[in-house]
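Here are the chains, one letter per residue:
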Amino acid sequence: MTIQVNGEGRTASVGVTVAELLRELDIRPDRVAVEVNTEVLNRQEFERRGLREGDHVEIISFIGGGAGACGELGDLAIGPLT
Amino acid sequence: MSDDRLIIAGREFKSRLWVGTGKYKDFVETKKAIDTAGADVVTVAVRRVNITDRSKENLLDYLDPKKYTILPNTAGCYTVEDALRYARLARAAGISDLVKLEVIGDERTLFPDTAGLIEAAKILVKEGFIVLPYTNDDPVVAKKLVDIGCPAVMPLAAPIGSGLGIRNPYNLKIILEMVKVPVIVDAGVGTASDATLAMEYGADAVLMNTAIAGARDPIAMAEAMKYAVEAGRLAYRAGRIPRKLYATASSPIEGML
């Protein structure tokens, strides 16, 4: 099946959990937050939550920032910026 | 002068200089600037993880959340919905309930959309967030934010990254009189004297990023800011003399030949 992860299409096995996806991507679960179809998950849900065809997954973390969005920080868009 | 503590929503902070973590050359410089500034509150932004290049280091590898208060912001959010989404993601990322709430209203000035800010603050306070709102230097808005349940307010000195210093000192003074919660001057500081002035007026803390990160020597500026904030705070507590138009001699006349 195909899912969207941080805006990019990705092939995943049917029913893959969020925790499995993070392992595949080599991402430490304690450093990130995950949204599936704009629903923010609790960390305890990572192991349980199975993904389905077409799901939109957003994986976020903290980066350097003061105030306002600044272009040098790379891709900023989770939602629309304007 | 002892016992000068900054307490917000039951948390005690050691430093009255808070810093942002954007615009530094690398994480090593970021950490060195923070430590030189003596800051224990650092702001961070919430962004997508780079899933194609996992070699990139994580900011939290450098900033131990046990040592620093990590204050996630909603920088870059122009709508209430986006600000809520980023705030909820930040909380889910597991640091704390603290959020520096920004709802930006205009791209060129990055001035806050205060109507959106109040709306978003109301919702987040109800959800149990500790909301520190980045707001305009408007005393009425500041008071509304406090009435909603914000345990501190963060009025701007000048537009973010502008380095213009405190553009409206009188409004800032009115805010300091009107609200009974800590006031953190956020954004627009350009150099050390700007930070000192803010503290002399009675601000409880100053938050800055570009003034340090954008300086020719960020580490030296971090040190300057540390002393600037401390000096301003001490002068505020010491109580300055009134301004007078004419001289008052400071040497006695008695004993003159």
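Placed above this text is the structure.
Caption draft 1: Up close: unusual backbone geometry. Even without glycine at this site, A:Asn6 takes up a positive phi of about 45 degrees. Within the secondary structure, A:Asn6 is located in the loop between strand S1 (2-5) and strand S2 (8-11). For A:Asn6, a relative accessible area of 7% translates into the label buried. Positive phi, normally seen in glycine, also occurs at B:Ala187, with a value near 85 degrees.

Caption draft 2: Structural view of the interface of chain A and chain B. At the interface, 39 residues of chain A touch 39 residues of chain B. Taken together, the two surfaces of chain A and chain B that pack against each other cover about 3,500 Å², and 58% of this comes from carbon and sulfur. Taken together, the links from chain A to chain B amount to 3 salt bridges. In this structure, B:Arg85 and A:Glu35 form a salt bridge, with 2.6 Å as the shortest nitrogen-oxygen distance. Linking chain A with chain B are 9 residue pairs in polar contact (both at pLDDT 80 or more), by the criterion used here. Taken together, the elements giving at least two residues each to the side of chain A that touches chain B come down to strand S3 (33-36) and strand S5 (56-64) of chain A. A per-element tally of the side of chain A that touches chain B places S5(A) first, with 7 residues. Considered class by class, the residues forming the side of chain A that touches chain B number 20 nonpolar, 10 polar and 9 charged. In the sheet, S5(A) pairs with strand S4 (residues 41-48) of chain B via 5 bridges, with the strands oriented antiparallel.

Caption draft 3: Structural context of the pattern of salt bridges. Residues and elements named next belong to chain B. On inspection of all chains with the given rule, the structure shows 18 salt bridges over all chains. Note that Glu 12 is salt-bridged to Arg 5, the shortest N-O span being 3.3 Å. Judged by its relative accessible area of 48%, Glu 12 is partly exposed. Residues joined in a network through salt bridges with shared partners are Asp 4, Arg 16, Arg 233 and Arg 237.

Caption draft 4: Summary view of the packing of aromatic side chains. Residues and elements named next belong to chain B. Counted under the stated rule, the structure contains 2 aromatic pairs over all chains. Ring plane angle 45 degrees and centroid distance 5.4 Å describe the contact between Phe 27 and Tyr 62, whose orientation is recorded as tilted. Highlighted residues: Phe 27 in helix H1 (residues 27-37) and Tyr 62 in helix H2 (residues 59-62), separated in sequence by 35 residues. We classify Phe 27 as partly exposed; its relative accessible area is 24%. The residue whose ring lies beneath Arg 91 is Phe 129, and the NZ or CZ to ring-centre distance is 3.8 Å.

Caption draft 5: Structural view of helix H9 (residues 218-238) of chain B. Residues and elements named next belong to chain B. If you check H9, its first and last C-alpha atoms are 30 Å apart, about what 21 residues at 1.5 Å a residue would give, namely 30 Å. Buried within H9 are the following residues: Pro 218, Ile 219, Met 221, Ala 222, Met 225, Ala 228, Val 229, Gly 232 and Arg 233. Tucked inside the fold, the buried residues of H9 contact strand S3 (17-20), H1, helix H7 (192-201), strand S10 (205-208) and helix H8 (210-213). A positive backbone phi angle near 85 degrees is found at Gly 239, which sits one or two residues after H9.

Caption draft 6: Representation of the side chain of B:Ser96 within the structure. All names here are of chain B. Inspection of the secondary structure assignment puts Ser 96 in the loop between helix H3 (80-92) and strand S6 (98-101). By relative accessible area, Ser 96 is classed as buried at 18%. At 3.1 Å, the side chain of Ser 96 forms a polar contact with the backbone nitrogen of Leu 98. The contact partners of Ser 96, leaving out residues within four places of it in the chain, are Arg 11, Ile 70 and Arg 91.

Caption draft 7: How the structure looks around the layout of surface pockets. Residue and element names in this part refer to chain B. Its boundaries defined by the atoms lining it, the second largest pocket holds a volume of some 350 Å³. Together, 17 residues line the second largest pocket, and Asp 4, Lys 14, Arg 16, Glu 230 and Arg 233 are the ones closest to its centre. For the lining of the second largest pocket, the elements supplying multiple residues, two or more each, are strand S2 (11-13) and H9. Partitioning the lining of the second largest pocket into residue classes produces 6 nonpolar, 2 polar and 9 charged.

Caption draft 8: Representation of the pairing of S3(B) within the structure. Residue and element names in this part refer to chain B. Side chains of S3 alternate between two faces, with Leu 17 and Val 19 and Trp 18 and Gly 20 buried alike. As paired elements, S3 and S10 share 3 bridges and run parallel to each other. The partner of Val 19 across the bridge, within S10, is Met 208. Bridging between S3 and S4 involves 2 bridges; their strand directions are parallel. Within S4, the residue paired with Gly 20 across the bridge is Thr 43. At this point the chain moves from S3, through H1, to the parallel S4, and the crossover so formed is right-handed.

Here is what the cut-offs are and how they apply
Residues numbered from 1 in each chain as written. Chains lettered and ligands numbered in written order. Predicted model: local features only at pLDDT ≥ 70, side-chain atom pairs only at ≥ 80, totals over all residues. Heavy atoms only, no water. Helix = DSSP H or I, 4+ residues; strand = E, 2+ residues; numbered from the N terminus. Buried < 20%, exposed > 50% of the residue type's maximum accessible area, 1.4 Å probe, protein only. Contact = heavy atoms within 4.5 Å. Buried area = accessible area lost by both parts, 1.4 Å probe. Salt bridge = Lys/Arg side-chain N within 4 Å of Asp/Glu carboxyl O. Polar contact = N/O pair within 3.5 Å; in protein donor to acceptor, adjacent residues only side chain to side chain. Nonpolar A, V, L, I, M, F, W, Y, C, P; charged D, E, K, R; others polar. Pairing = 2+ DSSP bridges. Phe/Tyr/Trp six-rings, centres within 6.5 Å; stacked < 30°, edge-to-face > 60°. Lys NZ or Arg CZ within 6 Å of the ring centre and 35° of its normal. Expected span 1.5 Å × (residues − 1). 1 Å grid on protein atoms, 1.4 Å probe; cavity = no way out; pocket = protein on both sides within 12 Å on 5 of 7 lines; lining within 4 Å. Points joined across faces, edges and corners; volume = space filled by probe spheres on them. Right-handed = clockwise from strand over helix to strand, strands pointing away.

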